[in-house]
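As a plain string of letters, each chain reads:
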Amino acid sequence: MTPVRTISIEEPKFNIKEIKRYSHYGEADDSLLDSCLEELKGITYRVSYAEFDITEKDGGLDLEFAFTDSKNLQTNLKNCEKIILFAATVGFAPDRLIEKYNRISPAKALMFQAIGSERAESLCDAFNEMIRAEYDAKGYKLHPRFSPGYGDLPITMQRDIMRVLDCRKNLGIILNENCLMMPSKSVTAIIGTEKKES
Amino acid sequence: MTFRDFLKNNRVCLDGGTGTLLQKAGLPAGVSTEEWNKTHPEELIKIHKAYYDAGSNIVMTNTFGVNAFKYSDSELEECVAVAVSNVKQARELSAAPQEKFVGYDIGSLGRLLAPLGDLDFEDAVKAYSSVVKAAVKAGVDAFMIETMNDCYETKAALLAVKENSDLPVMVSNAYSEDGRLLSGTCPEIMVAMLEGMGADAIGVNCSLGPKQLKPIVEKYLELASVPVLCKPNAGLPRVEDGKTVFDVGPEEFAEEMKDLLNKGVCIFGGCCGTTPEYIKETVAISTNIPLKPIEIKHKTVITSSTKFVDFDDYPILIGERINPTGKKRLKQALAEKDINYILGEAVNQQEKGAHVLDVNVGALEVDETEMLTYVSGEIQAVCDLPLQLDTSDPVAMEKALRRYNGKALINSVNGKEENMDAIFPLAKKYGGVIIALTLDENGIPDTAEGRIAIAKRILARAAEYGIEKNDIIFDTLTMTVSADTNAANVTLGALKYIREQLGCHTSLGVSNVSFGLPERSRANGAFFTIALENGLSAAIMNPFSEEMMNSYYTWKLLRNKDANCLGYIGFTESATSTKTATIQTQSELTLKEAVEKGLKEQAAGKTKELLKSAEPLSIVQEEIIPALNSVGVNFENKKIFLPQLLMSAEAASSAFDEIKAAMDGSDKQGNGVKIVIATVKGDIHDIGKNIVKLLLENYGFDVTDLGRDVEPESVVNKAIELNAQIVGLSALMTTTVPAMEETIKLLKEKYPECATIVGGAVLTEELAERIGATAYGKDAMETVRFAEKYINN
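Residues numbered from 1 in each chain as written. Chains lettered and ligands numbered in written order. Predicted model: local features only at pLDDT ≥ 70, side-chain atom pairs only at ≥ 80, totals over all residues. Heavy atoms only, no water.

Novice: So what about the overall build of chain A? Which residues, and what values?
Specialist: Across its full length, chain A carries seven helices and ten strands. The principal-axis extent of the C-alpha atoms belonging to chain A is close to 55 × 40 × 30 Å. Split into buried and exposed, the 198 residues of chain A put 55% on the buried side. Expressed as a percentage of contacts within chain A between residues at least 6 apart in sequence, the contacts between residues at least 24 apart total 76%. Only carbon and sulfur atoms are counted for the fraction: they give 47% of the accessible area of chain A, which is about 8900 Å². Computed over 27 positive and 31 negative side-chain charges, the inter-centroid distance for chain A is 3 Å. (Helix = DSSP H or I, 4+ residues; strand = E, 2+ residues; numbered from the N terminus. Buried < 20%, exposed > 50% of the residue type's maximum accessible area, 1.4 Å probe, protein only. Contact = heavy atoms within 4.5 Å. Areas by Shrake-Rupley, 256 points an atom, 1.4 Å probe, with all protein chains shown as cover. Lys, Arg positive; Asp, Glu negative; His and termini not counted. Charge placed at Lys NZ, Arg CZ, Asp CG, Glu CD.)

Right under this line is the structure:
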């Protein structure tokens, strides 16, 4: 594996369509969404990542930081020799707002839940794009990102990811007993890199 | 010499990093460093000794990751003993001439505390207590709590050390580049809270290099009255030739530290990336820098976990609305544990400009001890203002103060011996600024001199407990002028003397002055201004009173405390716009329309207006229920959407609040169907469940919400206890569906006549059927429709 890098990313553009989709906003007028966006402060955009070699072993995959026999991941990583493992978080700001409005305004809680999810996804997209450009130049193409909990890849892999990327220290991410991340608007994923045919 | 004595007159050199050195010695990636304490003691002793040899006065055990969640009691004790023994052996082996102590290192538990996380505060204290006891048993000279990035967890750790040992304790936090902890906490807050709880030294470590930490350390030096410590990383990490390296070398590190030592840092060391070389270089530089004496700063500061109030920035407004005295609606809310109403009052007062919120829950039929802790905790989850915990019951005070996140305002102590002996030890242990009332066993003196004499006695007694005068705020007691026309003069006379001659901050419950008189707000506003002129620092007041806010803003304007007059201008603008808005709602919208459009304030205002001429029940029947019905139908027909449905429900709730207040709480108008709802065990998602609850309540169901991550037994027992007709369960994750199934199974076994409805992202009609639920609720409206079948059944 390469050493873990931790970076801050510039605020990605808001994807209003996604926020509306997550919140079942439909055609409601924008006033609620706008007032929530105005209230949103203190979001950070941070990612820790490293590159790992993967090898087939005992019918599964040795990812250097963990072994998995997930068939879905194997399909996803077909033809890949290396992966990028990353953890990304937008921090506690959405969680604080969700906790607050869960108690006093479920409508706003719903919105901050949606906005937080959109922020985290947009952060992943921005990171993905950065990596894509980097690997493209090196002659690699990226596979779609794949997270613990998708298909047959167990959520418990989060423990390995937290350890190897030192997420607690680098990003402030903590796992609870059910392997859920706090801040809740955090994402971990594996991106396969495949050598382009020349 | 004890470490505490050494700390009094000496600069203290700590140790440096351990992790990198262990990796060099062959510690494989992914193995926790503390495992090596037992398996490779020789490597640990070598590193510890190298730090003593480099000049460290105190070397910390390699126990950062050791905690009670990872080990059983006996394992923990052994683990701690081995780690302590390694440092002791290193000390024996080192021939270095300086004083050498053994410190026990405490790090984060790696779990997040409630309300954001799932770890209860007391469980955190308990977990820390286990290691503290083990370390005391193993024999150490001091504790170091370090790299903490959550204010609340820091409090739990410090409390555990204080409760289980008399040894000195240093507390160090890890700040991010924005100058705050991950919990959003700034240095001002940590200094106030940690000093208040009696930390022997405080400061910062990790996360950044000495250069980046400088502004944060300077803040500590400016505010702290105890020794300040600084233990930076060797700069910032970067990747070079496939390896992580830090960008500041030993000499540069020492050079940067020189500046901080000159500014007054008493305790220094290194964190990630530093080695004995860094310590040696810094020690060499430090010997030429004289130790600066520490000044006592006399700050009067209270905090939440993210905001602080410094009383030198007076006048401070303390919102009085969360106090049931004379407030029917709040009494009812407390009796019914209607927390939403109370939280609404908290948020609204903050919006109106309160800086601190008084929290008093003393009412008949209320368990004050439970309620004060519960309410203040819930308020801290929605509102970031510091709180004034207001109770005359020392037991209730202790419980709430203990769990409070930050440094609270304690309301109150008075001149009675018994009272001082009950309250001062609490303030000493948990920290806090205390409101002191100038009354004693003989009552309230009717002269200013009498009240001043009591104030002096209180100060003397506080000093015996080690409480400085800056942590006492005097309330010279506002009495009504309708009983004694000289009353205000006496109050203000004492106030002026205490502020000017005793140098203490002051507070008054301003509105008492007009008790028994007509148009009280006029007199209150004027009295507030006069009191400010006589040295008032803080007022317990109603932030909704325009006259009071008028006094506040105009006094600041005229006394050069309002830069560019912006505060005053903002106040006048908002006062005018509120008036216009009120007029508009009155003329334009009906209550039904306000609910349909989801306008909370207008719905409440309109209800209030209707209550003047109509019966509460007819308003419900003719306006609110029809509005809810049309909203429900529109949602089902996809004419409106989820956010709108919710906003309408919230507007209806605010209308119901007004109705409840008018009905005096005597008669809860429900439809007789009792429903218990919960998010199942293991699942912490509760937005969906809260939406369902809100809607069900709107439709008149009697809903008991057990919260999230609820054990199957708790759900079943509650349903049986209440004789509920329906249990509603929510789960958002596939992994928690089994817990849902288990709950339903247990319910069928113990209480088969109860129906179940389930919902949540992962559920489907088929899955609901498979796990044995009576029904599947696709959304909140469907749940309402299902529950309606049980009315009059």
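That was the structure; now back to the text.
Novice: Hey, could you go over the overall build of chain B for me, with residue numbers and the actual values?
Specialist: Tallying secondary structure elements over chain B gives 30 helices and 25 strands in all. Relative to the 2.2 N^0.38 estimate, which gives 28 Å for 793 residues, the radius of gyration of chain B is 30 Å and therefore close to what a compact globule would have. The principal-axis extents of the C-alpha atoms in chain B amount to approximately 90 × 75 × 50 Å. Taken across its 793 residues, chain B has 56% of its residues classed as buried. Long-range contacts, defined as pairs at least 24 residues apart, comprise 74% of the intrachain contacts of chain B with a sequence gap of at least 6. (Rg over C-alpha atoms; globule rule 2.2 N^0.38 Å.)

Novice: Got a sec to walk through the environment of glutamate 218 of chain B? Specific residues and values, please.
Specialist: Residues and elements named next belong to chain B. Along the polypeptide, glutamate 218 turns up in helix α9 (residues 210-223). Separated by 273 residues in the primary sequence, glutamate 218 and threonine 491 place their C-alpha atoms 40 Å from one another. Here lysine 263 takes part through its side chain, which lies 3.0 Å from a polar atom of the side chain of glutamate 218. (Polar contact = N/O pair within 3.5 Å; in protein donor to acceptor, adjacent residues only side chain to side chain.)

Novice: Can you explain the interface of chain B and chain A? Please cite residues and give values.
Specialist: Residue-level contacts link 43 residues of chain B with 39 residues of chain A. Our count for the chain B to chain A interface comes out at three salt bridges. Arginine 103 of chain A is the salt-bridge partner of glutamate 378 of chain B, the closest N and O atoms lying 2.7 Å from each other. Counting the contacts that link chain B with chain A gives nine residue pairs in polar contact (both at pLDDT 80 or more). Those elements giving two or more residues to the side of chain B that touches chain A turn out to be β9 (243-246), α13 (339-352), α14 (368-382), α25 (642-662) and α26 (687-698) of chain B. For the side of chain B that touches chain A, the residue count by class is 22 nonpolar, 13 polar and eight charged. (Salt bridge = Lys/Arg side-chain N within 4 Å of Asp/Glu carboxyl O. Nonpolar A, V, L, I, M, F, W, Y, C, P; charged D, E, K, R; others polar.)

Novice: Could you give an account of the pattern of salt bridges, with specific residues and numbers?
Specialist: Residues and elements named next belong to chain B. The tally for this structure, following the rule as stated, stands at 60 salt bridges over all chains. We note a salt bridge from aspartate 141 to arginine 91, for which the minimum N-O separation is 3.4 Å. In this pair, aspartate 141 is assigned in the loop between α6 (121-138) and β4 (142-148) and arginine 91 in helix α5 (residues 73-93), connecting sequence segments 50 residues apart. With relative accessibility at 24%, the residue aspartate 141 sits in the partly exposed group. Across the pair glutamate 464 and arginine 461 runs a salt bridge, and its minimum N-O distance is 2.8 Å. Here glutamate 464 pairs with arginine 461, and both are found in helix α17 (residues 448-464), just three residues apart, close to one helical turn. Assessed through its relative accessible area of 60%, glutamate 464 is described here as exposed. Residues joined by salt bridges that share partners form a network here, namely Lys211, Lys214, Glu218, Glu256, Asp259 and Lys263.

Novice: Tell me about the domain arrangement of chain B, and please be specific about residues and values.
Specialist: Residue and element names in this part refer to chain B. One can read the domain layout of chain B as domain 1 (3-286), domain 2 (301-544), domain 3 (589-662) and domain 4 (674-788). Computed from C-alpha atoms alone, the centre-to-centre distance between domain 3 and domain 4 is 26 Å. The partner domain 4 presents eight residues to the 14 residues of domain 3 that form the contact. Buried area between domain 3 and domain 4, summed over both chains or domains, comes out near 960 Å², and the portion from carbon and sulfur atoms is 66%. On the domain 3 side of the interface with domain 4, the three residues burying the most area are Leu628, Glu636 and Leu646, jointly 35% of the side's total. Between arginine 785 and glutamate 636 there is a salt bridge, with the nearest N and O atoms lying 2.9 Å from each other. Elements with a minimum of two residues in the side of domain 3 that touches domain 4: α24 (616-636) and α25. With eight residues, the single largest contributor to the side of domain 3 that touches domain 4 is α25. (Domains from an automatic or database assignment. Buried area = accessible area lost by both parts, 1.4 Å probe.)

Novice: Break down the sheet that holds strand β3 (residues 55-57) of chain A for me, with residues and values.
Specialist: All names here are of chain A. Taken in spatial order, the three strands make up an open sheet running β3-β4-β5, and their pairing is antiparallel. Only two strands of the sheet have a single partner each, and these edge strands are β3 and β5 (67-68). Alignment of β3 against strand β4 (residues 60-62), held across three bridges, turns out to be antiparallel. Paired with lysine 57 across the two strands is glycine 60, which belongs to β4. (Pairing = 2+ DSSP bridges.)

Novice: Describe unusual backbone geometry, listing the residues and the values that go with them.
Specialist: Going from methionine 182 of chain A to proline 183 of chain A, the amide bond is cis rather than trans, its omega being -5 degrees. Mapping proline 183 of chain A onto the fold places it in the loop between β9 (181-182) and β10 (186-195). Residue proline 315 of chain B follows tyrosine 314 of chain B across a cis peptide bond; omega there is -5 degrees. Mapped onto the elements, proline 315 of chain B comes out in the loop between β12 (308-310) and β13 (316-319). At glutamate 519 of chain B, a position not held by glycine, the phi torsion is positive, near 45 degrees. The topology assignment puts glutamate 519 of chain B in the loop between β19 (505-509) and α19 (520-533). Glutamate 519 of chain B sits in the exposed class, given a relative accessible area of 54%. Even without a glycine there, the phi angle at aspartate 709 of chain B is positive, about 55 degrees. Relative to the assigned elements, aspartate 709 of chain B resides in the loop between β22 (702-705) and α27 (712-722).

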